[in-house]
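Here's the letter readout for the chains.
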There are 2 protein chains.
Amino acid sequence: MKLLITGGAGFLGQRLARELLARGSLKDAQGAPQAITELILLDVAQANDFGDSRVRSEVGDIAQRSVLERVIDENTAAIFHLAAVVSGQAEADFDLGMRINLDASHLLLDVCRQRGHRPRVVFTSSVAVYGGDLPDIVQNDTALNPQSSYGAQKAIAELLLNDYSRRGFVDGRVLRLPTISVRPGKPNAAASSFASGIIREPLNGEEAVCPVSGSTRLWLLSPRKAIECLIAGLELDTATLGNQRVLNLPGISVSVDEMVAALREVAGDEVAKRIVWQPDARVEKMVGSWPARWDTSRAEQLGLRGEQNFADVIRAYIADEGVQAR
Amino acid sequence: MKLLITGGAGFLGQRLARELLARGSLKDAQGAPQAITELILLDVAQANDFGDSRVRSEVGDIAQRSVLERVIDENTAAIFHLAAVVSGQAEADFDLGMRINLDASHLLLDVCRQRGHRPRVVFTSSVAVYGGDLPDIVQNDTALNPQSSYGAQKAIAELLLNDYSRRGFVDGRVLRLPTISVRPGKPNAAASSFASGIIREPLNGEEAVCPVSGSTRLWLLSPRKAIECLIAGLELDTATLGNQRVLNLPGISVSVDEMVAALREVAGDEVAKRIVWQPDARVEKMVGSWPARWDTSRAEQLGLRGEQNFADVIRAYIADEGVQAR
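If you're wondering where the values come from, they're calculated on a predicted model, not measured in any experiment.

Trainee: How would you summarise the pairing of strand β4 (residues 38–43) of chain B if you had to cite specific residues and measurements?
Mentor: Residue and element names in this part refer to chain B. Across the six residues of β4, five count as buried, placing the element largely inside the fold. Looking at chain direction, β4 and strand β5 (residues 55–59) are connected through five bridges and run parallel. Each residue of the ladder has a partner; that of I40, found in β5, is R56.

Here it is as structure tokens:
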């Protein structure tokens, strides 16, 4: 079985690759396990190939058809399309966001269609497709109303994937991800970057700026569970999905104050005191437009699981990343 | 005031042009009436210019940037973007639908953005953006779930127009039109073409095929009221619209049986007997996925009006088109 991960050098792409290589196989469209024989990691930067002979790292611009034609052929059984320009950056650089989040997603679907073999495509969407006056718990039939260019681009790519699936060009699955926390590494240009930073930096002995108020509610999922959901999403039986190709993934609804309390519980008061409160209206507006909770009954019926509480998420981060709290 | 109508040679485009020329002025963004000095009609075919010196008929492919750059400049105060590939055709020719309904709409917004003067743009959307399990009365916050490529393309263009408006590149208004009935002229490739045909052809002494069952419910608006709503939509105060740029236009919810009964009431039994019932599963599936009614309170609050009953619509058609019922 030949697989492609776009954004394969990114944080989720690398972690997904590592997990797929460790598992060694994936269910095919008929539900039978098939050995993973080739895993292409496409990105603008060279992806780590883990010294594994099954991995091929391809550097290229995903918005170019020739690049996609190089990495998708009739043997490509499944694609995890993770490549994206994050929310803050898509707002700052309109053209770049349109080019990567919309044009490249469309191009990818079109190259699949041209190949003619109906590959499975997992597309990661976001809380940012929602916005405006939202119910306390967003339902599966709540209208999308993105309040950012990133959210609009994700919502458009969802519609494209739905239509390409309906027409039989791909066998698509849209997984709407909660905000991922705790991400390791450095802050990025996502408006939600702080949702990892206020845990990661204090654990690392550094100060972290929190740009939103403590009462702001977030909808979070750990990287570990996100990867599990991506793989489970790909393996879902097409017949079970029917025409409902979009899944709101499970998450935890927490306020920033509750996140800080969990950090205090896990790592102590000295660590939690390293958060500096410095409101940023731009970030507050964008993050505040996102849902604090959505109905996850369908994802759960299909066997997709998240965490139960945020302290466990912090503990998993500490364990996975080998963090020595200071 | 300089205006552009895309799809200007089409039925609605021509009727809108005639009405605008007759009115002679439109409110500007500040609500002050301004004389219409230039009206460009862009289409793939030569549009009738009514022998009016204010009209410029431009023939060109709207999916080409150079064509749009020729008809949109810094003096273009407002654009009615009506050009579209209809539902049945977009389903039959996927590439053409994507090119005109999606790519060209995106390009039009992008040329406006490049000009930098934030023109008003009225975009006509459709009942086809809805689908799946719908409530009896579709609400403003009911999720879009298109079951046709046409519907998906319209929903995507809505999202683009919303985001380009939010960013201040255009001052956009999306008017979701009910099915327009009674259209004069010939049948077209729209799945809803019969909704005019079963009235128009019998009045003209001809048989008409009805491809759906009599219990199928439609959401209808007359051409006359559609044109009034398009102009009223353009003239709406930007501040009143806020971030809610989408308006579901008023309509009448009628079953096909009720349409036939109205035809019998207006024109007699002999005329109504000219309808031939010949179910077409493809048409039934697409039309059946559309809402039979939606909540129109917002449009009505903003002063947009439709008809009260379908017999009046038939009478207006007979009067407007000078039909001699046979």
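Trainee: Tell me about the sheet that holds strand β13 (residues 252–255) of chain B, residues and numbers included.
Mentor: The strand order across the open sheet built from three strands is β9-β11-β13 (chain B), with neighbouring strands paired in mixed fashion. Each edge of the open sheet is held by one strand with a lone partner, namely β9 (179–180) and β13 of chain B.

Trainee: Describe the sheet that holds strand β9 (residues 179–180) of chain A, with residues and values.
Mentor: Residue and element names in this part refer to chain A. Read across the open sheet, the three strands follow the order β9-β11-β13; overall the sheet is mixed. Each edge of the open sheet is held by one strand with a lone partner, namely β9 and β13 (252–255). Where strand β11 (residues 217–221) and β13 come together, four bridges link them in antiparallel fashion. Residue pairing across strands places L218 opposite V254, the latter belonging to β13.

Trainee: Tell me what's going on with the interface of chain B and chain A, and back it up with residues and numbers.
Mentor: When the parts of a complex come together, some accessible area is lost, and that lost area is often used as the size of the interface. The partner chain A presents 15 residues to the 15 residues of chain B that form the contact. The dominant element in the side of chain B that touches chain A, judged by the number of residues it contributes, is helix α5 (residues 149–166) of chain B, at seven residues. Residues of the side of chain B that touches chain A, tallied by class, amount to seven nonpolar, five polar and three charged.

Trainee: Can you break down the environment of R65 of chain A residue by residue, with the values?
Mentor: Residues and elements named next belong to chain A. Inspection of the secondary structure puts R65 in helix α2 (residues 65–71). Separated by 41 residues in the primary sequence, R65 and G24 have C-alpha atoms spaced 30 Å apart. If we ignore the near neighbours within four places in the chain, the residues touching R65 are L107 and V111.

Trainee: Please provide a residue-by-residue account of the nonpolar core, values included.
Mentor: Of all hydrophobic cores here, the largest spans 212 residues; its most connected members are L263 of chain A together with L263 of chain B. Dropping the residues within four chain positions of it, L263 of chain A is found in contact with I199, P202, V271, A272 and I314 of chain A.

Cut-offs applied
Counting of residues starts from 1 at the beginning of each chain's written sequence and follows it residue by residue. Starting at A for chains and at 1 for ligands, labels are handed out in the order in which the entities are written. At least 70 in pLDDT is required for a residue's local features to be given in this predicted model, at least 80 for side-chain atom pairs to be given and counted, and no such filter applies to totals for whole chains, interfaces and linings, which use all residues. Buried, partly exposed and exposed are defined by the number of other C-beta atoms within 10 Å of a residue's own C-beta, namely 20 or more, between the two limits, and 12 or fewer respectively, with C-beta atoms placed from the backbone. The helix and strand labels rest on DSSP assignments: H or I over at least four residues marks a helix, E over at least two residues marks a strand, and numbering proceeds from the N terminus. Strand pairing is assigned whenever DSSP identifies at least 2 bridges connecting the two strands. This entry defines residue contacts through backbone-placed C-beta atoms, with two residues in contact when those atoms are within 7 Å. Amino acids outside the nonpolar list (Ala, Val, Leu, Ile, Met, Phe, Trp, Tyr, Cys, Pro) and the charged list (Asp, Glu, Lys, Arg) are all regarded as polar, and Gly is one of them. By our criterion, buried Ala, Val, Leu, Ile, Met, Phe, Trp, Tyr and Cys residues that link up through C-beta atoms within 7 Å make up a nonpolar core.

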